[in-house]
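Fold and geometry: a report
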Amino acid sequence: MLVRAITAPGLRRWCQGRRGAAVACFPLGRALLGVRGAEAAVFLQGLLTNDVTQLVTAGDAPPALYAHALNVQGRCLYDVILYRLHGSTAEEPHILLECDSSVLDSIQKHLKLYKIRRKVTIAPCPDLSLWAVIPGEQPGDASSLPKSADQALLLTPDPRAEVMGWRVIAKKGANLSEIIPGSQVGDVQDYHRHRYKQGIPEGVKDLPPGVALPLESNLAFMNGISFTKGCYIGQELTARTHHMGVIRKRLLPVSFPEPLPSAGIPEGAEILTESGKRAGKFRAGGGELGIALLRLAHVNEPLCIKLGGDRVKVRATTPQWWPKAAAK
């Protein structure tokens, strides 16, 4: 069953809107897990922050949703993207779940723990490949973009933010240059640099299981939570934080304006203000870019990380795609 969330001309227009940028396709190491059966959406509804029933509603059902699975304390266990593979409400619900490949076994155990007697099958999909499609900043020929998107099992905008481009799911070994003519296969490290620059967390390094809080991780900004869907595991703390309206810390993109030590910046390194106050913690990064959990009160101050006897300068920014009042 071919499910296309966007037509080829739609993707072509979007890429043209990005100032004619050349498109790069990045092979992602994320895992795909199939959840299939009459009760697939209802089953996932009680485990995830977003309203999964949208994927099986009649009419304009979204092709993809972003969500977190939380523990009972309301902290993030897994960040996932859900994809709708069934074409209509007349078909058996078939949902693909994208997750960090390092937690594939644990997320299967987590799902099966709550499955009980649900009419659902859960199985990995090793025959499928996952790609990110992001226009680059160099001029390119957008007129050649894609004319053979039929070869993709699913082609959909990334549900987290427009700046993250598109997701493509295809058969293992598919030729992306045929699916999106004129595109180039890029280094996946450039994909990670792009999302760090935009402040988009992904995977266990950016969102440590049992540590990260969903609203501090900008889940609401990335369309990953429903505050009206009803009960799910971890809902109580998340709902209370939302209704209080006070979020003092958020994940933010950071950069290092000066050359880094040869060993790089350790994950979890403490970030300080000039006066030595604790401002937050560095989560993860690549080269001079990364992501950190910072107190919003210190975002515009000079920041640093102490490594041995050295002080490494840190610069935090607020992503342009955020809501205007987000950092206030």
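Residues numbered from 1 in each chain as written. Predicted model: local features only at pLDDT ≥ 70, side-chain atom pairs only at ≥ 80, totals over all residues. Heavy atoms only, no water.

The protein chain goes by Iron-sulfur cluster assembly factor IBA57, mitochondrial in an unreviewed UniProt entry, where it is assigned to Pycnonotus jocosus. In its Subcellular location (unreviewed entry) section, the UniProt entry covering the protein chain states "Mitochondrion". As stated in UniProt under Sequence similarities (unreviewed entry), the record for the protein chain gives "Belongs to the GcvT family. CAF17/IBA57 subfamily." (UniProt positions renumbered as here; feature names shortened; annotations may be inferred.)

1. Concerning the pairing of strand S12 (residues 270-273)
Note: S12 against strand S13 (residues 278-286), three bridges, orientation antiparallel. Looking at the pairing, Glu270 lines up with Lys281 of S13. Joining the antiparallel neighbours S12 and S13 is a turn of four residues, in which Gly276 adopts a positive phi near 95°. (Pairing = 2+ DSSP bridges. Helix = DSSP H or I, 4+ residues; strand = E, 2+ residues; numbered from the N terminus.)

2. Some thoughts on the sheet that holds S12
To summarise the sheet geometry, strands pair through backbone hydrogen bonds and adopt either a parallel or an antiparallel arrangement. If you walk around this closed barrel you meet the six strands as S11-S14-S13-S12-S15-S16, and the pairing is antiparallel. Averaged over all pairs of adjacent strands, the angle between strand axes in this sheet comes to 45°, irrespective of strand direction. Of the strand pairs in this sheet, S12 and strand S15 (residues 303-307) are connected by two bridges, and their pairing is antiparallel. Each bridged residue has a counterpart across the sheet, and for Leu272 the counterpart in S15 is Cys304. Together, strand S11 (249-255), S13 and strand S14 (289-295) form the strand contacts of helix H5 (residues 188-198), whose direction differs from that of S14 by roughly 30°. (Axes fitted to C-alpha atoms, helices over the stretch in contact; angles between N-to-C directions. Contact = heavy atoms within 4.5 Å.)

3. Let's talk about the nonpolar core
It is characteristic of soluble globular proteins that their nonpolar side chains tend to be buried jointly. Of all hydrophobic cores here, the largest spans 58 residues; its most connected members are Tyr83, Ile169, Ile271, Phe282, Leu294, Ile305 and Trp321. With five residues, the single largest contributor to this core is S14. Both domains that meet at this core, namely domain 1 (29-198) and domain 2 (248-322), each give it at least three residues. Residue contacts for Leu294: discarding those within four places in its chain leaves Arg248, Lys249, Arg250, Leu252, Val254, Ile271, Ala279, Gly280, Leu303 and Ala316. Leu44, Val80, Val103 and Ile122 belong to the second largest nonpolar core, which has 28 residues in total. (Core = buried A, V, L, I, M, F, W, Y, C linked by side-chain atoms within 4.5 Å. Buried < 20%, exposed > 50% of the residue type's maximum accessible area, 1.4 Å probe, protein only. Domains from an automatic or database assignment.)

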